[in-house]
Amino acid sequence: MASTSLPGGTWTLGDLTVTRFGYGAMQLAGPWVMGPPADHDGALAVLREAVELGITHIDTADAYGPHVTNLLIREALHPYPASLHIVTKVGANRDQQGGWPPARDPESLRRSVHENLENLGLDVLGLVNLRLGNAEGPQPGSVAEAFETLVELQQQGLIRHLGLSNATPEQVAEAQTIAPIVCVQNMYNLAHRQDDKLIDALADQGIAYVPFFPLGGFSPLQSSVLSTVAARLEAAPMSVALAWLLQRSPNILLIPGTSSTTHLRENIAGAGLSVSNDDLAELDKIGR
Ligand SMILES: NC(=O)c1ccc[n+]([C@@H]2O[C@H](COP(=O)([O-])OP(=O)(O)OC[C@H]3O[C@@H](n4cnc5c(N)ncnc54)[C@H](OP(=O)(O)O)[C@@H]3O)[C@@H](O)[C@H]2O)c1
């Protein structure tokens, strides 16, 4: 593995040390996260390059494809280096139309944990996020039954650490009355700032916040303010968006997705940009 030090340094999820610059594998599956990638070898190359460049945090889910990204990760990287931590999530299935129906009953969760173990080729999952809500975002409601099922699997030794995804602050608080969590993975980026308070509250507790869609996801971030600041810094807008997240709070971990080794390298270089306080204040206007 290269000794490159990645922007942002490291963070510890429970007892797992990961680089704050991680990699999100969702975009490696086919269009709309269904089926195999158009370029199988290209997908393997991106995963291998990520690890070669020093990334030790890969985010995935067995629902991607379904099963496609987990199998790609296994093909590209198994046996895994000891430093690499693969974070997966359970709580949603896929339907024929590419939808993401919830699957949070105990039986579905147990099956999904076993399928993740099988497809990733692991005996223990390092960190499992319980994926809540729906495609519209977090939805209110108790997490007790689903979270308790994952705690049971954790007690059986199949899961090391737990987190929540697509969760409301109330659901985070409820889960924490049941068992410790080490991260929350919700949608957040320069233009979607609904979790500002939650991020700060988690930072105070030493819990990681992992924004999904850091670059806007299926609708790439577009903002004249972002373009202006990026032009002033002679950087790509995507670089500024990632650098802003790293500077936003020390508990933010990045998992930008890409199917391109060129973009992967650009994103790593770009996330290390130093954004001045004046530029940060200007960028702050985008989502406020
Ligand atoms: N918990 C959840 O419910 C949930 C939901 C969604 C996602 N996630 C996780 O979050 C991760 C990140 O989300 P995401 O990948 O969907 O969205 P994202 O990171 O916001 O954006 C990825 C998109 O940006 C493009 N991109 C990346 N780098 C670029 C660059 N330098 N220049 C131009 N375009 C660039 C990619 O295209 P190219 O392939 O062409 O680079 C891809 O289309 C996922 O991989 C997944 O692991 C979790």
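See above for the structure.
Residues numbered from 1 in each chain as written. Predicted model: local features only at pLDDT ≥ 70, side-chain atom pairs only at ≥ 80, totals over all residues. Heavy atoms only, no water.

> When you look at the overall build of the protein in this model, what are you seeing that I'm missing?
Counting secondary structure elements, the protein contains 10 helices and nine strands. Over its C-alpha atoms the protein spans a radius of gyration of 18 Å, differing by no more than 12% from the 19 Å that the globule rule assigns to 288 residues. Along the first, second and third principal axes, the C-alpha set of the protein runs to 55 × 40 × 40 Å. When each of the 288 residues of the protein is scored for burial, the buried share is 55%. Partitioning the intrachain contacts of the protein with sequence separation of at least 6 by distance along the chain shows that 75% fall at a separation of at least 24. (Helix = DSSP H or I, 4+ residues; strand = E, 2+ residues; numbered from the N terminus. Rg over C-alpha atoms; globule rule 2.2 N^0.38 Å. Buried < 20%, exposed > 50% of the residue type's maximum accessible area, 1.4 Å probe, protein only. Contact = heavy atoms within 4.5 Å.)

> Before we go on, may I ask you to explain the layout of surface pockets in this structure?
In this approach, a probe sized like a water molecule rolls over the atoms, and the result shows the empty space that is left. The computed volume of the second largest pocket comes to approximately 190 Å³. Forming the boundary of the second largest pocket are L16, Y80, P81, A82, L84, H85, I86, L122, V124, G126 and R160. Split by residue class, the lining of the second largest pocket holds eight nonpolar, two polar and one charged. (1 Å grid on protein atoms, 1.4 Å probe; cavity = no way out; pocket = protein on both sides within 12 Å on 5 of 7 lines; lining within 4 Å. Points joined across faces, edges and corners; volume = space filled by probe spheres on them. Nonpolar A, V, L, I, M, F, W, Y, C, P; charged D, E, K, R; others polar.)

> Help me understand the site of the ligand in this model?
In the neighbourhood of the ligand, 25 residues make up the surrounding shell, with D59, S165, T258, S259 and H263 lying closest. A distance of 3.3 Å separates a nitrogen atom of the ligand from a polar atom in the side chain of E266. Protein contacts shield 87% of the accessible area of the ligand, which totals 900 Å² for the unbound molecule. Per element, the largest residue contribution to the shell around the ligand is three residues, and it comes from helix α9 (residues 261-271). (Near = heavy atom within 4 Å. Polar contact = N/O pair within 3.5 Å; in protein donor to acceptor, adjacent residues only side chain to side chain. Areas by Shrake-Rupley, 256 points an atom, 1.4 Å probe, with all protein chains shown as cover.)

> Can you walk me through the environment of F21 in this structure?
When you line up the elements, F21 lands in the loop between β2 (16-19) and β3 (23-24). Between the C-alpha atom of F21 and that of T56, which follows or precedes it by 35 residues, the distance is 8.3 Å. Residues within four places of F21 in sequence aside, it is in contact with L6, P7, I55, L242, L254, P256, N267, I268 and A271.

> Help me out: how do you make sense of the nonpolar core in this one?
Where a protein is soluble and globular, its nonpolar side chains tend to be buried together. Y23, F147 and L150 are the most contacted members of the largest nonpolar core, which has 79 residues in total. Discounting residues that sit within four places of it in the chain, F147 has contacts with L130, L162, L164, A175, I178, A179, P180 and I181. If you look at the next biggest cluster of nonpolar residues, it comprises 12 residues, including V18, V87, L253 and I255. (Core = buried A, V, L, I, M, F, W, Y, C linked by side-chain atoms within 4.5 Å.)

> Looking at this structure, how should I read helix α5 (residues 169-178)?
Since the α-helix turns once every 3.6 residues, residues separated by three or four places project in the same direction. The complete set of buried residues in α5 reads Q171, V172 and A175. Looking straight down α5, one finds its buried side chains confined to an arc of 105 degrees; they lie on one side. Turned more than 90 degrees away from the buried face of α5, the exposed residues are E170 and T177. If you follow the buried residues of α5, they end up packed against α4 (144-155), β7 (159-165), β8 (183-185) and α6 (196-205). (Arc of directions from axis to C-beta.)

> Is there a simple way to explain the packing of helix α7 (residues 224-232) against helix α10 (residues 277-284) in this structure?
Any two packed helices are characterised by how steeply their axes cross, that is the angle between the axes, and by the distance between the axes. For the pair α7 and α10, interaxial distance at closest approach is 9 Å and the crossing angle is 165 degrees. In terms of their interaxial angle, α7 and α10 are classed as roughly antiparallel. Crossing hand, α7 versus α10: left-handed. In contact with V225, L226, V229 and R232 of α7, α10 contributes D279, E282 and L283. A breakdown of the residues in the contact of α7 with α10 according to their chemical character gives four nonpolar, no polar and three charged. (Axes fitted to C-alpha atoms, helices over the stretch in contact; angles between N-to-C directions. Parallel < 35°, antiparallel > 145°, perpendicular 65-115°, else oblique. Left-handed = near helix turned anticlockwise from the far one by under 90°.)

> What's the story with the packing of aromatic side chains in this structure? I'm lost.
A complete count under the given rule lists six aromatic pairs for this structure. Between F213 and F218, the aromatic rings sit 5.8 Å apart at their centres with planes inclined by 75 degrees, giving edge-to-face as the arrangement. When its relative accessible area of 22% is taken as the criterion, F213 is described as partly exposed. Joined through ring pairs, the aromatic side chains of W32, F212, F213 and F218 make up one cluster. Positioned above the aromatic ring of W100 is the side chain of R94, whose terminal nitrogen or guanidinium carbon lies 3.6 Å from the ring centre. (Phe/Tyr/Trp six-rings, centres within 6.5 Å; stacked < 30°, edge-to-face > 60°. Lys NZ or Arg CZ within 6 Å of the ring centre and 35° of its normal.)

> Is there a simple way to explain the pattern of salt bridges in this structure?
Opposite charge on two side chains makes pairing possible when the charged atoms of those side chains draw close. Counted by the stated rule, this structure contains 11 salt bridges. With its nearest N and O atoms 3.1 Å apart, the salt bridge here joins D196 to R193. The closest approach of N and O atoms between R232 and D279, which form a salt bridge, is 2.5 Å. Placement of the pair is R232 in helix α7 and D279 in helix α10, with a sequence separation of 47 residues. Overall, R232 belongs to the partly exposed group, its relative accessible area being 46%. Residues joined by salt bridges that share partners form a network here, namely R193, D196, D200, R248 and D284. (Salt bridge = Lys/Arg side-chain N within 4 Å of Asp/Glu carboxyl O.)

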